[in-house]
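# Survey of secondary and tertiary structure
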Amino acid sequence: MVFKSRIKWIALLVMILSVGSLVVHLSMTKSSSVQLASYARDTLWKDFDSLLGAQDFRNKHLWRPVKSLETLQPYANPRNSYPAPSSKNNGFIYAKIFGGFDKIKSSICDLVTISRLLNATLIIPELQESLRSKGISNKFKSFSYLYDEEQFIAFLKNDVIIAKALPESLKAARKRNEFPLFKPKNSASPKFYLEEVLPKLKKAGVIGLIISDGGCLQSTLPASMPELQRLRCRVAFHALQLRSEIQVLGKKMVDRLRKSGQPFLAYHPGLVRDKLAYHGCAELFQDVHSELIQYRRAQMIKQKIISEELIVDSHLRRDNGLCPLMPEEVGILLKALGYSQKAIIYLAGSEMFGGQRVLIPLRAMFPNLVDMTSLCSTVELSELVGPETPLPENTFKMAPRKSDKQLKDEWNKAGPRPRPLPPPPDRPIYQHEKEGWYGWITENDTEPSPSPMDLRNQAHRLLWDALDFVVSVEADVFFPGFNNDGSGLPDFSSLVMGQRLYERPSSRTYRLDRKIIQELFNITRENMYHPNRNWTLRVRKHLNSSLGDSGLIRQSMLSKPRLFLSHPLPECSCRTSALEDSKQIRSDDGRFLYGGEDECPKWIKSAGVEKSKTDDSDQPDYEHDLLTEQSETDEEFAKSKVASAFDQDEEWDPND
């Protein structure tokens, strides 16, 4: 009996302990799974960094300049005899420019070049996105909303005569539309201007240009016109200076990004509705976003901007490199390169089609993902915009619900029975799709005209793009999501890449081939978060080679024929040491694809030497002297294997 009673007491004790353990585990599960995952991830990263050092510091080569391009220097000065413009010229050219930041910059460069070609006085162009009618502050005029007018006029005084407005005697005639008006394409040749535009300019004394294609002069000019190409560079990289308030705030943003002493990477997704519609990338998105892209594509077909069918295979387009890399794919590529979870990434781009939802995977992989709103206060942004008259906010209002009596009356007036039932909806319309700027698509078949607030926001977008441009040019690394898309129109990433190539050719700018990248992704698309080592090495090889001469050759072949400012070599650069003839590459038509730059004058060589010494002494030691730069030894290879194994940990998957 005593033995049996002891067994009962032991069993009772075990049951009590089991219940207590169950209560403890249930209480622990009250904390969110997100917090637990974050805790596990952060703990693992801390342990890993304590073993190998912070990965950002360990992989110093991910932030270093490209040594093979250090001999390149910016040099856009005229080389040969270059006469100054004469006040006795052929007349005046005024222009209206349509489009966003990228189209404006490219169009202005072409305008100045044409004015030089036709020996005409250029009137400060009107930027249609920043007119007073768009609701911008009365503090600014059209051009000065974005650029410094005085700098623009003064810097180009030896190239083109620029006036702020037409003479008073000609303004009335312009209002009466008495002067010839042209709408040139961005592929217009110098011959078109010399044979068709110049005679009318001499006859009328004034001509007008309407520019909507992001330019009005072909990118590649005859070999006899290298000075006009250099003029384009002087306009884009020197004369077109953003107004001082934009430059100051942009500098503050860069300083705040570097405040921690670490470098940062700038990434521009290129998710723009017009670009996605042009290339037929609707299937890469979901629900209402696909419908919005298809609606815009249908508009482009009606306007004869594109001559393709409405419905195309978006996945096939993506595999051909015609669609942008999604942020999730970019995050995986950066992981494959070796960038740490702690890396600072600046997200550029005032338009992010798809919203924050498409950024969730990238933000899970790189929590230090920041944008303009993270670095600037609302006060700073409002001061940049200037004082504006208040406008009513855009609020999408649902149609009032019909009463039972109205529904009954409609039924009675609907005509003789039997009446067919209305067709079922294509898909359920969710409440969140009926709110916001895109709510119209759930109720109407036509997109409403922009409201006054929409027009003002478009003008503001110029300023946000200008800030992003400043930060992207100054970034230690730039990664484009969608450049050189083949449409022939300028894009933000291409302009950034061209400016970086001109100002700091050796800065790390990835010039990847999206078609090759998509081929690699198709190999491991079902297991993107756990790729094998061979796949990672192939990605690294392609991306690292795109930093140097192979990337420049690809840009020269594909991007330069469509947008000169994306690749201003060899016309606007020089080399401190001559490139070997065996390394210079020409195209079939004799154009230089790599090499061909003049030798730098002595004053540039001496300045370059001093600058390199200063850069070496002032450059922040991102590695804190933990490791010296060296080739991948056996020890480093072992460490990279550990890092690769860690990168394949379950915590990498943001869907977990």
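Figured I'd write up the structure that's included with this text. (Residues numbered from 1 in each chain as written. Predicted model: local features only at pLDDT ≥ 70, side-chain atom pairs only at ≥ 80, totals over all residues. Heavy atoms only, no water.)

For the protein chain, the helix and strand inventory stands at 24 helices and 16 strands. When burial is assessed residue by residue, the protein chain has 47% of its 656 residues classed as buried. Considering only residue pairs separated by 6 or more positions, the protein chain has 80% of its internal contacts joining residues 24 or more positions apart. By element, 55% of the accessible surface of the protein chain is carried by carbon and sulfur atoms, the whole surface being about 33,900 Å². (Helix = DSSP H or I, 4+ residues; strand = E, 2+ residues; numbered from the N terminus. Buried < 20%, exposed > 50% of the residue type's maximum accessible area, 1.4 Å probe, protein only. Contact = heavy atoms within 4.5 Å. Areas by Shrake-Rupley, 256 points an atom, 1.4 Å probe, with all protein chains shown as cover.)

Turning our attention to the sheet that holds strand 11 (residues 477-480). In sheet architecture, strand pairing relies on hydrogen bonds along the backbone and comes in two forms, parallel and antiparallel. Reading across from one edge, 10-9-8-11-12 is the order of the 5 strands in this open sheet, with parallel pairing throughout. One side of each edge strand has no neighbouring strand; the edge strands of this open sheet are strand 10 (369-370) and strand 12 (508-509). Most of the contacts of helix 18 (residues 452-474) go to strand 8 (residues 264-268), to which it runs at about 130°, and overall it touches strand 8, strand 9 (344-347) and strand 11. (Pairing = 2+ DSSP bridges. Axes fitted to C-alpha atoms, helices over the stretch in contact; angles between N-to-C directions.)

The next thing to look at is unusual backbone geometry. The omega torsion across Leu 569 and Pro 570 is 0°, close enough to zero to call that bond cis. Assignment of secondary structure puts Pro 570 in the loop between helix 22 (549-558) and strand 13 (573-575). Phi at Asn 119 is positive, roughly 55°, even though this residue is not glycine. Take Asn 119: it is sitting in the loop between helix 4 (101-118) and strand 3 (121-123). One non-glycine residue with positive phi stands out, namely Asn 177, at about 60°. Topologically, Asn 177 is positioned in the loop between helix 6 (168-175) and strand 6 (181-182).

This paragraph deals with the state of the cysteines. On inspection of all chains with the given rule, the structure shows 3 disulfides. Just so you know, Cys 109 is unpaired, no disulfide at all, and the nearest cysteine sulfur is the one on Cys 233, 8.4 Å from it. (Disulfide = S-S within 2.5 Å.)

What follows is about a nonpolar patch on the surface. Where nonpolar side chains cluster on the molecular surface, the patch consists of Trp 9, Leu 12 and Ile 16 and spans about 360 Å² of accessible area. When you line up the elements, Ile 16 lands in helix 1 (residues 2-28). (Patch = residues over 30% accessible without salt bridge, like charges linked within 9 Å, V, L, I, M, F, W, Y side chains within 5 Å. Salt bridge = Lys/Arg side-chain N within 4 Å of Asp/Glu carboxyl O.)

Turning our attention to the sheet that holds strand 16 (residues 598-599). Reading across from one edge, 1-13-16 is the order of the 3 strands in this open sheet, with mixed pairing throughout. Both outer strands of the open sheet, strand 1 (72-74) and strand 16, are each paired with one neighbouring strand and no more. When strand 1 meets strand 13, the two strands line up antiparallel, connected through 3 bridges. Bridged to Gln 73 within strand 13 is Cys 574.

Tracing the chain through its elements places Leu 310 in the loop between helix 11 (287-302) and helix 12 (314-319). Distance from Leu 310 to Gly 280, taken between C-alpha atoms, is 7.9 Å for residues 30 residues apart in sequence. In contact with Leu 310, other than residues within four places in its own chain, are Gln 294, Arg 297, Ala 298 and Ile 301.

Glancing now at the pairing of strand 7 (residues 206-211). With 6 of its 6 residues buried, strand 7 lies for the most part within the structure. Alternating positions in strand 7 separate into two faces, Val 206, Gly 208 and Ile 210 on one and Ile 207, Leu 209 and Ile 211 on the other, with burial throughout. Relative to strand 7, strand 2 (residues 92-97) runs parallel, the two being bridged by 6 bridges. Within strand 7, the residue paired with Tyr 94 across the bridge is Gly 208. Summarising the sheet, strand 6 and strand 7 pair through 2 bridges and their orientation is parallel.

With the rule as written, the count across this model stands at 25 salt bridges. As a salt-bridge pair, Glu 227 and Arg 230 come within 2.9 Å of each other at their nearest N and O atoms. Placement of both Glu 227 and Arg 230 in helix 8 (residues 226-239) is noted, with a separation of 3 residues, approximately one turn of the helix. Comparing Glu 227 with Arg 230, the two get one shared label, buried. Taking the shortest distance from any N to any O, the salt bridge between Arg 296 and Asp 274 comes out at 2.9 Å. Here Arg 296 is found in helix 11, whereas its partner Asp 274 is found in helix 10 (residues 273-279), with 22 residues between them in sequence. Judged by relative accessible area, which is 15%, Arg 296 ranks as buried. Salt bridges sharing common partners tie together Arg 297, Glu 308 and Arg 317.

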